[in-house]
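Coordinate inspection notes
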Amino acid sequence: MNYLDTTFQALGTAVVASPAILLAILGLAALVNWQLSEATISRLTQAAVLFSLLPAIGILVIMLATGIRYVPIELGNWVSIPEQEFHFHLKFVFDRLSIPFLMLSCVLCGVVGAFTRRYLHREEGYRRFFLYYAVFFCGMVLSSLAGTIEALFVGWELVGLSSALLVAYFHERVNPVRNGQRVWSIYRLSDAAFLIAALMMHHLSGEGDFGGLMSSGVWPEGTAAISSTEALWVGSLLLVAAAGKSALFPFSGWLPRAMEGPTPSSAIFYGALSVHLGAFLLLRLSPILDASLTLQLMVIALGVVSAACGAVMSRVQNDIKVSLAYASLTQVGIIVVEIGLGLRYLALIHIIGHACMRTMQLLRAPTLLRDYNELENKIGTRLPHQAWAGAASLPASVQRWCYRFGYDRGFMDLALDKWIVRPFLQTFGWFDRLERRITDSISHEPSRESDRVEPHPEDLQNVA
Amino acid sequence: MPELHFPWIEVSILVPLFGALWIHLLGNRESVLQHAIAICGVTLALTVGELVDFVSIGSFEAHDHWLFLDWLFQRDIFVVDELSAFQLPLAALIFLVTVMSTLRTKAPRFSLKLTLISESLVLATFSCRSSWTLIALLIAATIPPYLELRSRQRCTRIYVLHMAVFALLLVVGFAWLSHSDGSSTQALIAGALLTAAALLRSGIFPLHLWMTDLFEKATFGTAILFTTPLVGAYAVMRLVLPMAPSWALQSIAVLSLVTAVYGGAMALVQREARRMFCYLLLSQSSLVLVGLELVTPIGLTGALCMWLSVGLSLTGFGITLRCIEARISRVSLVDYHGLARQMPMLSGFFLLTGLASIGFPATVGFVGMELLIEGAVDVYPLVGTMVVIAAALCGITVLMAYFRVFTGHHNRTLVPMHARPAERVAVLILTLLILGGGLVPQPGVASRYHAAEALTRQRQTNPMTEQQVGELEIETVAIGKHSAE
């Protein structure tokens, strides 16, 4: 290994290790109930972001100076069974896709970390927020740099868990918790699709390394090492995974629900990074999209529908964060269209620009509302609101329908509840009742003590 | 056969047995719980010593240095091998943490004497290779829960019915096998009876009702101890796997798969925590069986890793629920209880163990789940897909349970809700193992792979399965070639 390789290895390891160390410290502190002060947590977070960002900049500078476009960082096998050719390879890749996404993650995490220090000052869940934030940061770094499909899945899972827990951050209220559960449910289904796609790719190509999947060239010039039909199957599963993670149609229902979390988490997760992770996945595996025209058309169609729905829904919301969330969906839809059209650099630039802008908008949203309030109080009337000029040209019935469609958030949650959740509950509720009938008849008496559980046993004053 | 340097196996079986006698002599003294914890601790230390000794020998199997019971049994009755070497400390740990997490106020309801007898029987079962003794131990292990149900004056009909059928199938099946001349029809019927027995004990759908009934009527601790060591899976490994034809294993795999998805879905619709836990355990333990019946080294390795993971994580999950139940009575999942502020440590542990049980990254279950799915996809792609769906359903259930128990409006209580020192120690031990096994999985995986290889070889050398294994291998190679093309 020459001097340059050693430098790359050291810097790359620092990029990955920094968020992992932050997570270990905050996780250990939570486990042993070690009460770190707010200032310490904040400093640790900022240091972790900095020690991840600076080595990444160092790698970028060296790559630009030397003209190297692809830097793999090998950390060896995490698990290996050589006889069966099974290995879980810890490989991270710095290339034209991962470096911008990594830097974006670091910068936005840094900004939001600094903002949160004041926003959640003396909040009871301050430590909890930063623990979840560390899980998220770690997940984003792993996802951005993953050189194998398995490593990408690990990062993807960490991001999903932290997002769901942060939506439910305000524990005392039921709504955020219910919404966190909804987010998690959608994520689990999309994760299942991703895992099946990953295993299928592993099965087809014999390895999970992206280098093996894209048989020639580094991003964005790879060619898929699988046939068109296989690409269609795998790509369809990846599309479901990306749709779930990026709240594309028909999974958009979780996005406004995610706004129940603290504003900084809304800004960073659902406005900027997490919501782009599906698009990042499609970008990373874009050679697979190129292998099938049908798949490309599916991607474009999904993007168009999501963008259109997002545009309609964002205009009629009565909550600024929800409105911004749907505006994000519009942009993500357009980014997906760009990916489907093969405009990869444009999509990447669009992600970066949109993520930065949306973070700032969401962070500014609460103070903007206060400013508007003050302004309206001072002028004694509402500020003039200009309607979209194009709306007037539509027939009244279409306008009404669009309004209803947008206001009811595209009926997506209703449809999921009606067509998936309710039949599921009815089917397994029926099995549950059947089991009870069988056990009752064998026992010749009511066989379920659990039926007598009070719905509110937390009334503990009387418990001995 | 190589010998251990100390009679670890027999001493570890006898210590809880004599411990039960000691507890009986102590009567209802206040210190009885501490004594039980000490006995379980010594037993765990002995099983760990056995594991260390066995690893240092470097053999596939070994028996005790000198046998106390040589005059009573034949020499090779208690043998430790690569399969059981890890199961023994795991089983001892499950008993230790369950006893440790028993509140003193609840000790009179949870029979420590029967628990120690059960521990002795479970350790003897996991150490036993002789088929008739194994069958006797499997049947004997069903008695302590029955005695508890009787003492609690609960209806035992469902439990007795299932366990009686289990015992009958085992005895008839093995007697038939012993007296058959090895002709295919007779051996097949005997194998089918043994398979049905093993499936019944594992709680495979639709023979799982005894499990939900046990969780309803027995103490939570007893139900956890009777189900989480996965004795049914061990019966499959010892009695069914070496002789069952491939089609029989495929049938078990399909049933296990149905159970995994059914259990995951049923867990999601439950309104009470014990039942939810029961179905979650059913789903995850069925995944272990799915892997066992793939009979490929990767699938078997995944199943054996999952076995350890399920034992550790679901025991942790179960004892956390039990700790909560001990304080607020049965836990409804209809409403939000808001317990996070009062029990922060248990809330974190609940989430950790729950996530570990579904194979979340950086926990002990992750690599096992990956290997299992990888093995399943290699043989039957649809099986891999169903495993992923079952895991997804269980994942949704785990977070749902976490939210229901720990979030919501906080209520002030008169009851101390924080974790007691013994509970804290139990939690920390399991946390270290769950995270340690997740972050440094290679040693565990390598050892499980050796065990899987040995089991595959054992199946290949068995005249009843030799031909089918050969056919399966040819078929797998053909599938592989077809995929490559």
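Residues numbered from 1 in each chain as written. Chains lettered and ligands numbered in written order. Predicted model: local features only at pLDDT ≥ 70, side-chain atom pairs only at ≥ 80, totals over all residues. Heavy atoms only, no water.

Another aspect to go through is the overall build of chain B. Counting secondary structure elements, chain B contains 20 helices and two strands. Relative to the compact-globule value of 23 Å for 485 residues, chain B shows a C-alpha radius of gyration of 22 Å, a close match. C-alpha extents for chain B along the principal axes are approximately 65 × 60 × 45 Å. Relative to its full complement of 485 residues, chain B shows a buried share of 66%. Distance between charge centroids for chain B: 18 Å, based on 29 positive and 30 negative side chains. (Helix = DSSP H or I, 4+ residues; strand = E, 2+ residues; numbered from the N terminus. Rg over C-alpha atoms; globule rule 2.2 N^0.38 Å. Buried < 20%, exposed > 50% of the residue type's maximum accessible area, 1.4 Å probe, protein only. Lys, Arg positive; Asp, Glu negative; His and termini not counted. Charge placed at Lys NZ, Arg CZ, Asp CG, Glu CD.)

Once that is clear, we can look at the domain arrangement of chain A. Residues and elements named next belong to chain A. When cut into domains, chain A gives domain 1 (3–369) and domain 2 (412–441). The distance between the C-alpha centroids of domain 1 and domain 2 comes to 34 Å. Of the residues lining the interface, nine residues belong to domain 1; the matching set on domain 2 comes to four residues. In total, about 550 Å² of surface goes out of reach between domain 1 and domain 2, with carbon and sulfur atoms giving 59% of it. Contact with domain 2 buries surface across domain 1, with Arg182, Pro250 and Gly253 losing the most and accounting together for 60% of the total. There are three salt bridges connecting domain 1 and domain 2. Across the pair Asp413 and Arg257 runs a salt bridge whose closest N-O atoms are separated by 2.7 Å. At the boundary of domain 1 with domain 2, the tally comes to two residue pairs in polar contact (both at pLDDT 80 or more). Elements with a minimum of two residues in the side of domain 1 that touches domain 2: α6 (174–205) and α13 (293–315). Of the residues contributing to the side of domain 1 that touches domain 2, the split by class is five nonpolar, two polar and two charged. (Domains from an automatic or database assignment. Contact = heavy atoms within 4.5 Å. Buried area = accessible area lost by both parts, 1.4 Å probe. Salt bridge = Lys/Arg side-chain N within 4 Å of Asp/Glu carboxyl O. Polar contact = N/O pair within 3.5 Å; in protein donor to acceptor, adjacent residues only side chain to side chain. Nonpolar A, V, L, I, M, F, W, Y, C, P; charged D, E, K, R; others polar.)

The subject of this paragraph is the state of the cysteines. Scanning all chains against the criterion turns up zero disulfides over all chains. Cysteine Cys309(A) is unpaired, with the sulfur of Cys402(A) as its nearest cysteine sulfur at 10 Å. (Disulfide = S-S within 2.5 Å.)

This part is about the domain arrangement of chain B. Residues and elements named next belong to chain B. Taken as a whole, chain B is organised into domain 1 (1–129), domain 2 (153–243) and domain 3 (245–484). Computed over C-alpha atoms, the centres of domain 1 and domain 3 are 24 Å apart. Across the boundary between the two partners, domain 1 contributes 17 residues, which contact 24 residues of domain 3. The largest contributions to the domain 1 side of the interface with domain 3 come from Met100, Ser101 and Leu103, which together make up 26% of the buried area. Linking domain 1 with domain 3 are zero salt bridges, by the criterion used here. At the surface where domain 1 touches domain 3, the tally comes to five residue pairs in polar contact (both at pLDDT 80 or more). Looking at the side of domain 1 that touches domain 3 residue by residue, the class counts come to 11 nonpolar, four polar and two charged.

Bridging between strand β1 (residues 71–81) of chain A and strand β2 (residues 86–94) of chain A involves eight bridges; their strand directions are antiparallel. Within the sheet, the bridge partner assigned to Val71(A) lies in β2(A) and is Phe94(A). (Pairing = 2+ DSSP bridges.)

So, about the packing of helix α13 (residues 273–292) of chain B against helix α17 (residues 381–406) of chain B. All names here are of chain B. The N-to-C vectors of α13 and α17 enclose an angle of 155°; their axes lie 11 Å apart at closest approach. Judged by the inter-axis angle, α13 sits roughly antiparallel to α17. Along this stretch, α13 crosses α17, giving a crossing that reads as left-handed. In this structure, α13 uses Met276, Leu280, Ser283, Gln284, Leu287 and Val290 to contact α17, whose residues at the interface are Val383, Val387, Ala390, Cys394, Thr397, Val398 and Ala401. Broken down by class, the residue content of the contact of α13 with α17 amounts to 10 nonpolar, three polar and no charged. (Axes fitted to C-alpha atoms, helices over the stretch in contact; angles between N-to-C directions. Parallel < 35°, antiparallel > 145°, perpendicular 65-115°, else oblique. Left-handed = near helix turned anticlockwise from the far one by under 90°.)

All names here are of chain B. Taken as a whole, chain B shows an average pLDDT of 86; of its residues, 92% reach a score of 70 or greater. Low pLDDT, under 50, characterises residues 469–485; the stretch is placed with five contacts to residues that sit more than four places away or in other chains. Here the predicted complex scores 0.91 on pTM and 0.91 on ipTM. (pLDDT = per-residue confidence, 0-100.)

On to the interface of chain B and chain A. Across the contact, 78 residues belong to chain B and 61 residues belong to chain A. Both sides together, the interface formed by chain B and chain A hides about 6500 Å², and carbon and sulfur atoms give 67% of it. Counting every contact that joins chain B to chain A gives six salt bridges. A salt bridge links Asp432(A) to Arg275(B), with the nearest nitrogen and oxygen atoms 3.9 Å apart.

Moving on: a nonpolar patch on the surface. On the surface, Leu50(A), Leu54(A), Ile57(A) and Val61(A) cluster together to form a nonpolar patch covering roughly 340 Å² of accessible area. Residue placement: Ile57(A) occurs in helix α2 (residues 38–66). (Patch = residues over 30% accessible without salt bridge, like charges linked within 9 Å, V, L, I, M, F, W, Y side chains within 5 Å. Areas by Shrake-Rupley, 256 points an atom, 1.4 Å probe, with all protein chains shown as cover.)

Enumeration over the complete set of coordinates arrives at 36 aromatic pairs over all chains. Ring centres 5.3 Å apart and planes at 90° place the aromatic pair Phe431(A) and Tyr262(B) in the edge-to-face group. Here Phe431(A) is found in helix α18 (residues 412–443), whereas its partner Tyr262(B) is found in helix α12 (residues 246–269) on a different chain. Each residue in the set Phe215(B), Phe220(B), Phe277(B), Phe317(B), Phe350(B), Tyr402(B), Phe403(B) and Phe406(B) is aromatic and connected to the rest through ring pairs, giving one cluster. The aromatic ring of Tyr187(A) is capped on one face by Lys245(A), whose charged end is 4.1 Å from the ring centroid. (Phe/Tyr/Trp six-rings, centres within 6.5 Å; stacked < 30°, edge-to-face > 60°. Lys NZ or Arg CZ within 6 Å of the ring centre and 35° of its normal.)

Moving on, we get to unusual backbone geometry. Most peptide bonds are trans, and most residues other than glycine sit at a negative phi. In this chain, Phe249(A) is followed by Pro250(A) through a cis amide linkage whose omega measures 5°. Looking at where Pro250(A) falls in the secondary structure, it is placed in the loop between α8 (228–245) and α9 (254–258). With phi around 60°, Gln153(B) is a residue other than glycine that occupies positive phi space. Residues other than glycine seldom take positive phi values, yet Ser329(B) does so here, at roughly 70°. Within the fold, Ser329(B) resides in the loop between α14 (297–328) and α15 (344–357).

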